[in-house]
Amino acid sequence: KNLEPLRELLDAVVSRLEALESHCGLTTNLPKSSSSHGASSHGMQKTPSVKHLTGAGDTPSLKAYDKFMHTAVYKLADTCDDLDIGDLGKLLTEAFSGIRYVVLLASKSKLPDDMMDLQPHLNPITEPVGQIRNLRVSRDFDFHLKAINEMLGCVSWVTCRAPTQLPAPFVKECIGASDFWSNRIRK
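Being a predicted model, the structure only gives us computed values, none of them experimental.

Engineer: Break down the pattern of salt bridges for me, citing the residues and quoting the values.
Structural biologist: Tallied over the entire structure, the rule returns 3 salt bridges. Where R100 meets D66, a salt bridge forms, and the shortest distance between an N and an O atom there is 2.6 Å. Residue R100 is found in helix 3 (residues 88-108), and its partner D66 is found in helix 2 (residues 60-82); the two are separated by 34 residues along the sequence. Across this residue pair, the class does not change: R100 and D66 are buried. D142 is paired through a salt bridge with K146; the nearest N and O atoms lie 3.4 Å apart. Linking D142 with K146, this pair stays in helix 5 (residues 142-151), spanning 4 residues, or about one helical turn. Exposure remark for D142: the relative accessible area of 33% places this residue in the partly exposed category.

Written out as structure tokens, the structure is:
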């Protein structure tokens, strides 16, 4: 049976509902999906804790980050799931959801005097990134994993301190390194 059209319809409905909830400032306490496949497994419930979202949907930085998650991260994670590259999709979603938590903290509090105070809040990012770096995949996806590993350097943009370091040039540098492996895939 071909369930792909039904899956696409359900994914579209879920996306629209999430957008509506986000627009209204509502948060959900959805249980984790038992399925490890598809966009629904990369939904809003993947953030470190739903309690951290309460009242936080109003900040422009979170709205922009959520838009990025929906337009890029979830699609990448779903593609990894479709290609059956282990737990890569789930781990990518967890890492970028950890960044969302740091963006939330930044929108609600001032910069810590000592960057070591930020370290415990980086664990939801560093743990999945470490697991991705230790993943072993078939040779068919070796270049894919290398490209993603190079790209993952960009997740540490949340530790950049202006004016000495700015996030945009830092991320562009990581993307350049990732492009090398991406171009190898295309050949």
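Now, onward.
Engineer: Please provide a residue-by-residue account of the environment of W157, values included.
Structural biologist: Its place among the elements puts W157 in the loop between helix 5 and helix 6 (167-186). Its relative accessible area of 27% is what places W157 among the partly exposed residues. W157 sits 11 residues away from A168 along the chain, and the two C-alpha atoms are 8.2 Å apart. Those residues in contact with W157 that sit more than four places away from it in its chain are I99, V103, P167, F170 and V171.

Engineer: Hey, could you go over the packing of helix 3 against helix 5 for me, with residue numbers and the actual values?
Structural biologist: The relative placement of two packed helices is expressed as an angle between their axes plus a distance between the axes. Where helix 3 contacts helix 5, the axes come no closer than 13 Å and their chain directions differ by 5 degrees. One element, helix 3, and the other, helix 5, form an angle in the roughly parallel class. On helix 5, the residues touching L88, L92 and F96 of helix 3 are L145, I148 and M151.

Engineer: Break down helix 6 for me, citing the residues and quoting the values.
Structural biologist: A rise of 1.5 Å per residue sets the reference length of helix 6, with its 20 residues, at 28 Å; its end C-alpha atoms lie 28 Å apart and thus fit the reference within 8%. Approximately 25 degrees is the largest bend angle found in helix 6, and it occurs at D179. Every buried residue belonging to helix 6 is among C174, S178, W181 and S182, and all of these are buried. Against helix 5 lie the buried residues of helix 6.

Engineer: Now, about the packing of aromatic side chains: what can you tell me, with residues and values included?
Structural biologist: Within the structure shown, the criterion is met by 4 aromatic pairs. Between the aromatic rings of F68 and F96, the centroid separation amounts to 5.9 Å while the plane-to-plane angle is 55 degrees, which identifies the pairing as tilted. With a gap of 28 residues between them, F68 in helix 2 and F96 in helix 3 connect regions that are remote in the sequence. The class for F68 is partly exposed, based on a relative accessible area of 35%. Residue F96 is classed as buried on the basis of its relative accessible area of 6%. Taking 5.0 Å as the distance between ring centres and 85 degrees as the angle between the ring planes, the aromatic pair formed by F180 and W181 counts as edge-to-face. Among the residues examined, F180 registers a relative accessible area of 44% and is labelled partly exposed. You can call W181 buried: its relative accessible area is 17%.

The rules behind the values
Residues numbered from 1 in each chain as written. Predicted model: local features only at pLDDT ≥ 70, side-chain atom pairs only at ≥ 80, totals over all residues. Heavy atoms only, no water. Salt bridge = Lys/Arg side-chain N within 4 Å of Asp/Glu carboxyl O. Helix = DSSP H or I, 4+ residues; strand = E, 2+ residues; numbered from the N terminus. Buried < 20%, exposed > 50% of the residue type's maximum accessible area, 1.4 Å probe, protein only. Contact = heavy atoms within 4.5 Å. Axes fitted to C-alpha atoms, helices over the stretch in contact; angles between N-to-C directions. Parallel < 35°, antiparallel > 145°, perpendicular 65-115°, else oblique. Expected span 1.5 Å × (residues − 1). Bend = angle between axes of the 7 residues up to and from the residue. Phe/Tyr/Trp six-rings, centres within 6.5 Å; stacked < 30°, edge-to-face > 60°.

Keep in mind that these numbers describe shape and distance, not what the molecule does.
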